[in-house]
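Chain by chain, the residues run as shown.
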Amino acid sequence: MTTSPAVASAQSTTVPPGAWRALFLVTIGFGVNFWAWALLSPLGPVYVERGLAVDASLIVAIPVLVGSLGRIVMGALSDRFGGHLMFPLVSLLTVVPVLFLGFVGQYTYSTLLLGGFFLGIAGTTFAIGVPYVNSWFPPAKRGMATGLYGVGMGGTAISAFTTVPLLSSIGDAAPFVLTALALIAYAVVGWLFMRDAPTWKPSRKNIIEQSVAVMKLKVTWQACYLYALSFGGYVAFSVFLPTMLQNWYGLDAADASFRMAGFVIVAVIMRPFGGTLADRLGAANTLLVSYVAVGLAALALTFQPDLMPIGTSAFIVMAAGLGLGSGAVFALVAQTSDPAVVGSVTGFVGAAGGLGGFVPPLVMAAIHAESGTYAPGIALLLVATFGAVVVTLFIARGARAGTSTAP
């Protein structure tokens, strides 16, 4: 007995029972862990003012680096053990560096780096959630679902809005204690109520062999570059924008942090649109729109315009383009990867995105120290965006060729 095309089409778009609850729970977990992951970013200028560091770039970049590289391992482990186990486990592990920083680590430069290194564990959760969401949703809905999951990156906005005010009004440990409590609460809720998808099957392949196989896929490296620009750009701006606004426009720490939070919110809102548009228009077309927006914004910022209105408008367009592209990249991964290795592919792509956020703050700080302006760094972003357009056009041409030769 064969399945009719109409029935097959309905099955390919039907969301199974429990999928929306799973998406909600994993998105909350992503947000809480990203809240923890971004704790040091708004505090960078504070630590500079206290004389703990001459420059906060390395302090805020270390968690990004560790969280990025750790995704390669975490993605493979998620293919093996599933999100129901891995998400609560990583949330609990993150509590340790959060409390260490809150009570001990934030008072010397060396312990800030040590705590930030282990805080990077929170950033690996991204590679857990994407395969978990993909296993729950049919292929035609995965771009939308992973885009909605990406809203959890708004946890960085929670950090931006609350960290400095809590530290100033209650005490140095307050933001860290609150975040630790949120992580513990989520770990309990996640363990009790999250479930792996009925169709999910654990990968039994050797993790190293599977990782090597994934590295041989062309789509892995294409998506790595695109995500390094889209999500990496978002991470770079979210951790470095307060410092940039203070040095370039003379804003105080609180004002700069709130403006950074606005940047994050715009990017977070646009990410689900990126996934949804990729489902409907194709990932390549959506990515082209996003990179055009990023390129135009970068071109405007290269000339260091006044903050109002041109500078602010350019930052908003930049955030929208980066958010749109971040959502579309993982729609591309979902559309082109075997479900059994989505976690491993996600690990590599997520690592590239994180590394894309690690390097620019260091480069921007070095450029500003040498020249007194960030304009050359923004020009480099413009060049990288042009490269992303070229890669996306190659992907689009490959998709058209695949369609024309399909039986």
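Everything below is about the structure shown above.
We now turn to the structure provided with this report. (Residues numbered from 1 in each chain as written. Predicted model: local features only at pLDDT ≥ 70, side-chain atom pairs only at ≥ 80, totals over all residues. Heavy atoms only, no water.)

Some thoughts on the side chain of Ser91
Then, in step 1: Its place among the elements puts Ser91 in helix H5 (residues 83–103).
Then, in step 2: Accessibility expressed as a relative area gives 0% for Ser91, which makes it buried.
Then, in step 3: Leaving out residues up to four positions away in the same chain, Ser91 has contacts with Asn33, Leu183, Tyr186 and Ala187. (Helix = DSSP H or I, 4+ residues; strand = E, 2+ residues; numbered from the N terminus. Buried < 20%, exposed > 50% of the residue type's maximum accessible area, 1.4 Å probe, protein only. Contact = heavy atoms within 4.5 Å.)

Quick look at unusual backbone geometry
Then, in step 1: Residues Met308 and Pro309 are joined by a peptide bond in cis, for which omega reads 0 degrees.
Then, in step 2: Mapped onto the fold, Pro309 is located in helix H15 (residues 307–336).
Then, in step 3: With phi around 50 degrees, Gln304 is a residue other than glycine that occupies positive phi space.
Then, in step 4: By the element assignment, Gln304 lies in the loop between helix H14 (283–301) and H15.

Section: the packing of helix H9 (residues 155–169) against helix H13 (residues 253–281)
Then, in step 1: Two elements in contact, H9 and H13, have axes separated by 8 Å at closest approach and are oriented at 165 degrees. The angle between H9 and H13 places the two elements in the roughly antiparallel class. The two elements H9 and H13 cross, and the hand of that crossing is left-handed. Listed contacts from H13 to Thr156, Ala157, Ala160, Phe161 and Val164 of H9 are Ser257, Phe258, Met260, Ala261, Val264 and Ile265. (Axes fitted to C-alpha atoms, helices over the stretch in contact; angles between N-to-C directions. Parallel < 35°, antiparallel > 145°, perpendicular 65-115°, else oblique. Left-handed = near helix turned anticlockwise from the far one by under 90°.)

Some remarks on a nonpolar patch on the surface
Then, in step 1: Nonpolar side chains collect at one region of the surface, where Phe81, Leu85, Leu89, Leu92, Leu93, Ile184, Val188, Val189, Trp191, Leu192 and Phe193 lie side by side and expose about 970 Å² of accessible area between them.
Then, in step 2: Elements that contribute at least two residues to the nonpolar patch include exactly H5 and helix H10 (174–193).
Then, in step 3: Residue contributions to the nonpolar patch peak at six residues, all from H10.
Then, in step 4: Relative to the helices and strands, Val188 resides in helix H10. (Patch = residues over 30% accessible without salt bridge, like charges linked within 9 Å, V, L, I, M, F, W, Y side chains within 5 Å. Areas by Shrake-Rupley, 256 points an atom, 1.4 Å probe, with all protein chains shown as cover. Salt bridge = Lys/Arg side-chain N within 4 Å of Asp/Glu carboxyl O.)

Brief notes about the pattern of salt bridges
Then, in step 1: Within the structure shown, the criterion is met by two salt bridges.
Then, in step 2: The shortest N-O distance in the salt bridge between Asp172 and Arg50 comes to 3.1 Å. With Asp172 in the loop between H9 and H10 and Arg50 in the loop between helix H3 (44–49) and helix H4 (57–81), this residue pair connects regions lying 122 residues apart in the sequence.
Then, in step 3: Judged by relative accessible area, which is 40%, Arg50 ranks as partly exposed.
Then, in step 4: Across the salt bridge formed by Asp255 and Arg259, the nearest N and O atoms sit 3.2 Å from each other. Residue Asp255 and its partner Arg259 are located together in helix H13, separated by four residues, close to a single helical turn.

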